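Inside the fold
Each chain is listed here by its residues.
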Amino acid sequence: MDAEKVDRELVRAWVDGWILSRQASPPVEEEWGFRCDVALPKHVTRHVLPEADEALTVKLMAAFPAPGTQLKVLLPPETVRPWLLPGWILDDPGFLMTVPLKPAPAPVPDGFRLRTWARGGLVRALVVDGRGVFAARGQIAIPPGADTAVVDQVETAADQRRKGLGGLVMRTLANAAAEAGASTAVLGASTDGRALYTALGWRTASPLTGILHRPDAAPVV
């Protein structure tokens, strides 16, 4: 199987899990990739481009001028920035990451409580302190019959970082997905999140850059 084919399959798996996690519309497969409706005021529609280049990216920015449109491309921001049309801006840098799943111990640190629950192919994990105050969370989408699960919305409270809670959430979610039959996980990571995931054995498959249409954005210069 060639690298381009693998990349597209990985992207499709990420798209399928992401829309389940965010309750977005089922993806429509287009010639350039995948499209789904997210239905948020500042994120109405998302287009994911597994194999973007300048011509395609500019074409889609011109073809979909509605505010709240977002393109996701597997390219670094420095490559994409010169292509931006007026009214389009870059989101924070991101990375598509993946890891093979295998059971791992997930002990809960003293002074914290962990709760998990599942509904409709989505498993959520919540960590609170002894008073019940939010400490960390995350969720993993496991589409029916899928071999790849998608981690999403991992967050640790600012005053609870460096206590192993992010690792607890990630291991808990990975274990749940492995128990459900998934053998691989994928996620879209921020720059900060990438450090945690790398330490847990995840590898970076590709840069992941968001291009947002904001009509009130500063003109491209």
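Placed above this text is the structure.
Now for a quick tour of the structure. (Residues numbered from 1 in each chain as written. Predicted model: local features only at pLDDT ≥ 70, side-chain atom pairs only at ≥ 80, totals over all residues. Heavy atoms only, no water.)

A word on the overall build of the chain. When its secondary structure is counted, the chain shows five helices and 12 strands. Taken over C-alpha atoms, the radius of gyration comes to 18 Å for the chain, in line with the 17 Å a tight globule of 221 residues would show. Taking the principal axes of the C-alpha coordinates as reference, the chain spans close to 55 × 40 × 30 Å. Taken over 221 residues, the chain has a buried fraction of 46%. Considering only intrachain contacts with a sequence separation of at least 6, the fraction spanning at least 24 residues in the chain is 61%. Surface accessibility of the chain: about 11400 Å² in total, with carbon and sulfur atoms responsible for 54%. Taking the average location of the 24 positive side-chain charges in the chain and that of its 24 negative ones, the two points are 8 Å from each other. (Helix = DSSP H or I, 4+ residues; strand = E, 2+ residues; numbered from the N terminus. Rg over C-alpha atoms; globule rule 2.2 N^0.38 Å. Buried < 20%, exposed > 50% of the residue type's maximum accessible area, 1.4 Å probe, protein only. Contact = heavy atoms within 4.5 Å. Areas by Shrake-Rupley, 256 points an atom, 1.4 Å probe, with all protein chains shown as cover. Lys, Arg positive; Asp, Glu negative; His and termini not counted. Charge placed at Lys NZ, Arg CZ, Asp CG, Glu CD.)

Take the pattern of salt bridges next. The full count for this structure, using the stated rule, is seven salt bridges. A salt bridge links Arg-12 to Asp-16, with the shortest nitrogen-to-oxygen separation between them at 2.9 Å. Remark: Asp-16 and Arg-12 occur in helix H1 (residues 3-22); sequence separation between them is four residues, near one turn of the helix. For Arg-12, a relative accessible area of 27% translates into the label partly exposed. Relative accessible area serves as the criterion here: at 25%, Asp-16 is assigned to the partly exposed category. Asp-129 is paired through a salt bridge with Arg-131; the nearest N and O atoms lie 3.4 Å apart. Assessed through its relative accessible area of 71%, Arg-131 is described here as exposed. (Salt bridge = Lys/Arg side-chain N within 4 Å of Asp/Glu carboxyl O.)

On inspection of all chains with the given rule, the structure shows two aromatic pairs. With centroids separated by 6.1 Å and ring planes inclined at 50°, the aromatic side chains of Tyr-197 and Trp-202 adopt a geometry described as tilted. Judged by its relative accessible area of 7%, Tyr-197 falls in the buried class. Directly above the aromatic system of Trp-18 lies the positively charged group of Arg-46, at a separation of 3.9 Å from the ring centroid. Arg-115 extends its terminal NZ or CZ atom over the ring of Trp-117, reaching a point 5.0 Å from the ring centre. (Phe/Tyr/Trp six-rings, centres within 6.5 Å; stacked < 30°, edge-to-face > 60°. Lys NZ or Arg CZ within 6 Å of the ring centre and 35° of its normal.)

Along a regular strand, successive side chains alternate from one face of the sheet to the other. Summarising the sheet, strand E7 (residues 112-119) and strand E8 (residues 122-129) pair through eight bridges and their orientation is antiparallel. Each bridged residue has a counterpart across the sheet, and for Arg-119 the counterpart in E8 is Leu-122. (Pairing = 2+ DSSP bridges.)

Further remarks concern the nonpolar core. When a protein is soluble and globular, its nonpolar side chains tend to lie buried together. Within the largest apolar cluster, 28 residues are counted, with the highest numbers of intra-cluster contacts made by Val-127, Ile-140, Leu-187 and Trp-202. Where this core is concerned, the elements lending two or more residues are strand E6 (94-100), E8, strand E9 (134-141), strand E10 (148-156), helix H4 (165-179) and strand E11 (184-190). Ranked by residue count, the leading element in this core is H4, at eight residues. In this structure, Ile-140 is in contact with Gly-121, Leu-122, Val-123, Ala-149, Val-150, Val-151, Leu-173 and Ala-177, ignoring residues within four places of it in sequence. Counting residues in hydrophobic clusters, the runner-up holds 16 residues, among them Leu-10, Val-48, Leu-74 and Val-150. (Core = buried A, V, L, I, M, F, W, Y, C linked by side-chain atoms within 4.5 Å.)

Mapped onto the elements of the fold, Pro-65 is located in the loop between helix H2 (54-63) and strand E4 (69-73). Taking relative accessible area as the criterion, Pro-65 reaches 53% and is therefore assigned exposed. When the C-alpha positions of Pro-65 and Trp-88 are compared, they lie 9.4 Å apart, and in sequence the two are 23 residues distant.

In short, shape yes, function no, at least from these values alone.
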